[in-house]
Amino acid sequence: MAEISVVLPQHLQTLARVPSREVSIAVEGVVTVRAILDGIEARFPQLRGTIRDHGTNKRRPFVRFFACEEDWSHASPDDPLPAAVAEGREAFLVVGAMAGG
Amino acid sequence: MSAVRVLVGTRKGAFILSSDGARRSWEVSGPHFAGWEIYHLKGSPVDPDRIYVSQGSGWFGQQMQRSDDGGRTFNPIGNAFQYDGVPGTHQTFDGTPHPWEFKRVWHLEPSLSDPDTVYAGVQDAAMFRTTDGGASWHELSGLRTHGSGYRWQPGAGGLCLHTILLHPSNPGRIVIAISAAGAFRSDDGGTTWKAINKGLVSDGIPDPDAEVGHCVHHIASHRSRPDVLFMQKHWHVMRSDNGGDVWTKVSGNLPTDFGFAIDVHAHEPETIYVVPIKSDSEHFPLDGKLRVYRSRTGGHEWEPLAKGLPEKDCYVNVLRDAMAVDTLDACGIYFGTTGGQVYASPDGGDSWSAIVRDLPPVLSVEVQTLP
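What you are looking at is a predicted structure, and each value in this text was computed from that prediction instead of being measured.

Novice: So what exactly am I meant to see when it comes to the sheet that holds strand S30 (residues 362-370) of chain B here?
Specialist: Two pairing modes exist for strands in a sheet, parallel and antiparallel, and in both the strands are linked by backbone hydrogen bonds. Residue and element names in this part refer to chain B. Taken together, the 4 strands give an open sheet; going across it, the order is S3-S2-S1-S30, and neighbouring strands pair in antiparallel fashion. Because the sheet does not close on itself, it has two edges, and the strands there are strand S3 (27-32) and S30. Strand-to-strand, the axes of this sheet are offset by a mean angle of 15°, without reference to chain direction. Both strand S2 (residues 13-20) and S3 contribute to a ladder of 4 bridges, which runs antiparallel. In the strand pairing of S3, leucine 17 is matched with valine 28.

Given below as structure tokens:
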């Protein structure tokens with residue numbers, strides 16, 4: 001079991017009711033985007049549907065994923081993330097795109 | 001002493017405005033859910049402390065919240081709105097088919113008898129219901145699969161189900177409206193539906209008897225005569241005396257019969273209110289003068305109500321769900337504007353004042369009259 005550091009956007013921090021944007025998510029097995037999102041939704045059920053759609057699990061258009069300064073938004077959700085994320089040395093970033101008013 | 005709670009949904013959060021029965025001084029609470037679009041919030045008529053909220057964001061989608069203490073605290077509830085089966089297609093603006101896609105909840109209508117039951121009108125147009133206080137939502141798919149569904153087209157705001165009227169004495173009867181499909185009625189609690197648009201005439205629809213395609217903006221009724229319906233259509237104010245079977249135009253002497261909001265006095269079932277808006281594209285009051293128009297005759301004859309409202313340089317809009325009434329002896333009328341003002345009249349519309357002036361654009365206004 002790995003403890004992954006995840007940084008949430010401010011609105012999701014509020015919705016999750018946590019004191020910091022950075023949260024720890026437990027992931028079992030290979031650390032992938034899908035595994036992290038599963039872990040986020042397991043710990044914070046109220047975030048279901050906010051990062052990826054109900055049912056299809058498709059990433060919402062204005063949400064992006066970053067790891068080790070790389071954009072993972074368009075990668076396969078089942079690709080293994082860098083070791084630095086899997087080992088908890090770097091955070092996995094969930095970012096709300098800068099758009100709109 | 002009685003009290004009033006005004007529930008205001010805005011582009012950037014929810015606000016709760018509270019007053020005693022005198023309605024002279026108001027306390028403003030909020031923003032709740034700051035930064036989120038609050039399309040609608042509404043309290044249960046059975047348990048006024050139970051308030052349901054539609055909270056949304058272009059980034060993070062649809063959230064739902066519920067308060068069990070009159071809006072002091074809220075907790076997230078279920079936010080999964082899955083269409084039944086393979087949703088099929090409706091039409092886009094250009095007439096080409098487009099798959100049904102859930103976007104947001106426009107309107108929440110709590111049951112008249114059960115605080116755990118709520119109806120939700122959504123975009124793309126469909127009706128959902130919860131019977132467990134919002135934990136789960138299930139589509140009443142007989143509406144969307146009504147034979148005309150594949151021909152429904154969106155209005156400028158999207159293909160939205162924005163109006164839900166529950167019949168107080170006939171639990172099976174539900175009237176809803178969709179922009180720009182029209183009005184529909186169920187007489188079996190939402191299982192099956194029929195279009196109720198006879199008598200509606202809309203520019204751009206060559207067939208005056210078209211079953212669907214009418215841009216209904218809002219419908220209101222009085223609880224003592226729930227089969228008398230008043231409609232603000234894109235153009236024309238209409239009424240039906242038979243639950244929507246036939247509509248007749250009652251625009252009468254209105255300076256323009258375009259508008260969005262319409263409501264009925266709490267104690268006078270033939271007294272109705274609209275806010276005429278200049279259109280087709282301006283969507284602000286005529287001549288910069290914000291005026292509510294009142295008919296005491298169920299339509300046809302209208303009088304302007306201007307006392308306390310801006311007499312010049314006012315270019316706001318009043319959206320379809322942004323007018324409501326209280327049920328105090330001297331009926332209070334309330335409406336919110338896209339300029340962030342919420343106006344109240346404690347005397348049935350004779351005089352007005354702003355409860356609050358500088359909120360984000362107001363999307364919806366609901367009123368709870370409390371003991």
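Now, onward.
Novice: Honestly, a negative patch on the surface in this entry has me stumped. Any pointers?
Specialist: Residue and element names in this part refer to chain A. On the surface, Glu69, Glu70, Asp71 and Glu90 cluster together into a negatively charged patch. With respect to the element layout, glutamate 90 can be found in the loop between helix H3 (83-86) and strand S5 (92-96). Overall, the relative accessible area of 39% leaves glutamate 90 in the partly exposed class.

Novice: Sorry if this is basic, but what is going on with the layout of surface pockets here?
Specialist: Regions of empty space are outlined by a rolling probe, equal in size to a water molecule, passed over the atoms. Residue and element names in this part refer to chain B. Here the largest pocket defines a volume of roughly 1,100 Å³. Taken together, 36 residues line the largest pocket, and the ones lying closest to its centre are Lys42, Glu109, Val325, Glu366 and Val367. Counting only elements with at least two residues in the lining of the largest pocket, the list comes to strand S4 (37-43), strand S10 (104-110), strand S14 (160-166), strand S18 (216-222), strand S22 (262-264), strand S26 (323-325) and S30. A class-by-class count of the residues in the lining of the largest pocket yields 18 nonpolar, 11 polar and 7 charged.

Novice: In this structure, what is going on with the pairing of strand S28 (residues 342-345) of chain B? I would like to understand it.
Specialist: Side-chain positions along a regular strand alternate between the two faces of the sheet. All names here are of chain B. Covered by surrounding structure in S28 are Val342 and Ala344 together with Tyr343 and Ser345, the residues of both alternating faces. In this sheet, S28 lies alongside strand S27 (residues 333-336) in antiparallel orientation, the contact comprising 4 bridges. Residue pairing in the sheet places tyrosine 334 in a bridge with alanine 344 of S28. Hairpin geometry of S27 and S28 is characterised by an intervening segment of 5 residues between the two adjacent antiparallel strands and by a positive phi of about 90° at glycine 340.

Novice: Looking at this structure, I do not really get the pairing of S4(B). What am I missing?
Specialist: All names here are of chain B. Burial analysis of S4 places 7 of its 7 residues in the buried class, which makes it a mostly covered element. Relative to strand S5 (residues 51-57), S4 runs antiparallel, the two being bridged by 6 bridges. Its bridge partner lying in S5, isoleucine 38 is registered against glutamine 55.

Novice: I'm lost on the interface of chain B and chain A in this one. Help?
Specialist: How large an interface is tends to be reported as the accessible area lost when its parts come together. Listed per partner, the contact involves 18 residues of chain B and 19 residues of chain A. Approximately 1,400 Å² of surface area, both sides summed, lies buried where chain B meets chain A, with 54% of it carried by carbon and sulfur atoms. The largest contributions to the chain B side of the interface with chain A come from Trp36(B), Trp59(B) and Phe60(B), which together make up 48% of the buried area. Applying the counting criterion to the chain B and chain A interface returns 0 salt bridges. The interface formed by chain B and chain A includes 8 residue pairs in polar contact (both at pLDDT 80 or more). Taken together, the elements giving at least two residues each to the side of chain B that touches chain A come down to S5, strand S6 (61-67) and strand S7 (75-77) of chain B. For the side of chain B that touches chain A, the element with the most residues is S6(B), which contributes 3 residues.

Novice: What's the story with the environment of Thr96(B) in this structure? I'm lost.
Specialist: Residues and elements named next belong to chain B. Mapped onto the secondary structure, threonine 96 falls in the loop between strand S8 (89-91) and strand S9 (97-99). Remark: the alpha-carbon pair of threonine 96 and valine 8, spanning 88 residues in sequence, is separated by 36 Å. Aside from chain neighbours lying at most four places away, what touches threonine 96 is His90 and Gln91. At 2.6 Å, the side chain of threonine 96 forms a polar contact with the side chain of aspartate 94.

Novice: Looking at this structure, how should I read empty space enclosed by the protein?
Specialist: Residue and element names in this part refer to chain B. Taken as a whole and judged by the stated rule, the model has 1 cavity of 30 Å³ or more. The calculated volume of the largest cavity comes to roughly 60 Å³. Top contributing element to the lining of the largest cavity by residue count: strand S19 (residues 225-233), with 3 residues. Residues of the lining of the largest cavity, tallied by class, amount to 6 nonpolar, 2 polar and 2 charged.

Novice: Mind showing me how you'd approach the side chain of Glu139(B) here?
Specialist: Residue and element names in this part refer to chain B. Residue position: glutamate 139 is located in strand S13 (residues 138-139). Here glutamate 139 falls in the buried class, since its relative accessible area comes to 7%. Within the local environment of glutamate 139, its side chain forms a polar contact with the side chain of arginine 144, the two groups lying 2.6 Å apart. When near neighbours in sequence (up to four residues on either side) are disregarded, glutamate 139 contacts Gln82, Tyr83, Asp84, Ala126, Met127, Phe128 and Arg144.

Novice: How do you make sense of helix H2 (residues 33-43) of chain A when you look at a structure like this?
Specialist: Owing to its 3.6 residues per turn, the α-helix brings residues three or four apart onto one side. Along H2(A), the residues classified as buried are Val33(A), Ala35(A), Ile36(A), Leu37(A), Gly39(A), Ile40(A) and Glu41(A). In this fold, the buried residues of H2(A) make contact with strand S1 (2-7), strand S2 (22-27), strand S3 (63-67), H3 and S5 of chain A.

Reading the values: the criteria
Residues numbered from 1 in each chain as written. Chains lettered and ligands numbered in written order. Predicted model: local features only at pLDDT ≥ 70, side-chain atom pairs only at ≥ 80, totals over all residues. Heavy atoms only, no water. Pairing = 2+ DSSP bridges. Helix = DSSP H or I, 4+ residues; strand = E, 2+ residues; numbered from the N terminus. Axes fitted to C-alpha atoms, helices over the stretch in contact; angles between N-to-C directions. Patch = residues over 30% accessible without salt bridge, like charges linked within 9 Å, V, L, I, M, F, W, Y side chains within 5 Å. Areas by Shrake-Rupley, 256 points an atom, 1.4 Å probe, with all protein chains shown as cover. Salt bridge = Lys/Arg side-chain N within 4 Å of Asp/Glu carboxyl O. Lys, Arg positive; Asp, Glu negative; His and termini not counted. Charge placed at Lys NZ, Arg CZ, Asp CG, Glu CD. Buried < 20%, exposed > 50% of the residue type's maximum accessible area, 1.4 Å probe, protein only. 1 Å grid on protein atoms, 1.4 Å probe; cavity = no way out; pocket = protein on both sides within 12 Å on 5 of 7 lines; lining within 4 Å. Points joined across faces, edges and corners; volume = space filled by probe spheres on them. Nonpolar A, V, L, I, M, F, W, Y, C, P; charged D, E, K, R; others polar. Contact = heavy atoms within 4.5 Å. Buried area = accessible area lost by both parts, 1.4 Å probe. Polar contact = N/O pair within 3.5 Å; in protein donor to acceptor, adjacent residues only side chain to side chain.

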